[in-house]
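The chain contents come next:
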Amino acid sequence: MEPRTIQTASRAASVMNSLRAAAGSIRRALPRGSLLSESAWERRHKAIVVLLWLHVGGLVAFTLLRGMGAWHAVIESLLMAVPALLASYPRLGRALRSCAASFGLVTASAVLVHLSGGYIEAHFHFFVVLGILALYQDWAPFLVAIGYVVAHHAVVGVIDPAAVFNHADARVNPVLWSMIHGAFVLAASSVSLITWRD
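From a predicted model like this one, the values you see are computed outputs, not experimental measurements. (Residues numbered from 1 in each chain as written. Predicted model: local features only at pLDDT ≥ 70, side-chain atom pairs only at ≥ 80, totals over all residues. Heavy atoms only, no water.)

Grouped together as the largest cluster of nonpolar side chains are 37 residues, with contacts concentrated most on Leu105, Leu133 and Phe142. At the level of secondary structure, the elements contributing two or more residues to this core comprise α2 (38–65), α3 (70–88), α4 (94–116), α5 (120–133), α6 (139–159) and α8 (174–194). By residue number, the principal contributor to this core is α4, which donates nine residues. Beyond its immediate stretch of four places on either side in the chain, Leu105 contacts Ile48, Leu51, Leu52, His55, His125, Val129, Ile132 and Leu133. (Core = buried A, V, L, I, M, F, W, Y, C linked by side-chain atoms within 4.5 Å. Buried < 20%, exposed > 50% of the residue type's maximum accessible area, 1.4 Å probe, protein only. Helix = DSSP H or I, 4+ residues; strand = E, 2+ residues; numbered from the N terminus. Contact = heavy atoms within 4.5 Å.)

Right under this line is the structure:
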């Protein structure tokens, strides 16, 4: 083997070792999640599911008050009711139930933003929901919520910007504004993660 090839291989191995060490440091610094006892998880989950069912009813009423019609209300409510039913079904297990509740609550946020015509104030609901979902102290439902927020804003923001944003710049540049919203969601989420430390 040529000396130059050996040097290149040595540098590559050194870089890989540095990356592995950095990844290990980050992994050790992150909270583990899933620290709740079964009884603590059950209490929190029950409260979160009740809150989700309250959103189903409340957003049906809001849809009707906005004059959008009964069918619109039914369709919007099903987007939250199906995850609420799944979250209520004990045989699914802890992880699936908490992810279903997470999906349902962030869907409630998305529906509220849609029904409001993209008002920025309605987006605050996402932040409240993320704080509530942090009560699970578990990565799975938290990542479902974060992924949903970013994907919702990017996809729906491109397809129908007026359903997500109520200002002209965001309607013209929905991907940019989706990334901005996503960055703030990640920042807010990182604050919640601090509370998971043992």
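In this section: a nonpolar patch on the surface. On the surface, a cluster of nonpolar side chains totalling about 800 Å² of accessible area is made up of Trp71, Val74, Leu78, Val82, Leu86, Tyr89, Leu92 and Leu96. No other element matches α3, which puts five residues into the nonpolar patch. By the element assignment, Leu96 lies in helix α4. Residue classification places Leu96 among the exposed residues on the basis of a relative accessible area of 52%. (Patch = residues over 30% accessible without salt bridge, like charges linked within 9 Å, V, L, I, M, F, W, Y side chains within 5 Å. Areas by Shrake-Rupley, 256 points an atom, 1.4 Å probe, with all protein chains shown as cover. Salt bridge = Lys/Arg side-chain N within 4 Å of Asp/Glu carboxyl O.)

A word on unusual backbone geometry. Here Gln137, not a glycine, exhibits a phi torsion of approximately 50°, which is positive. Of note, Gln137 is situated in the loop between α5 and α6. For Gln137, a relative accessible area of 15% gives the class buried.

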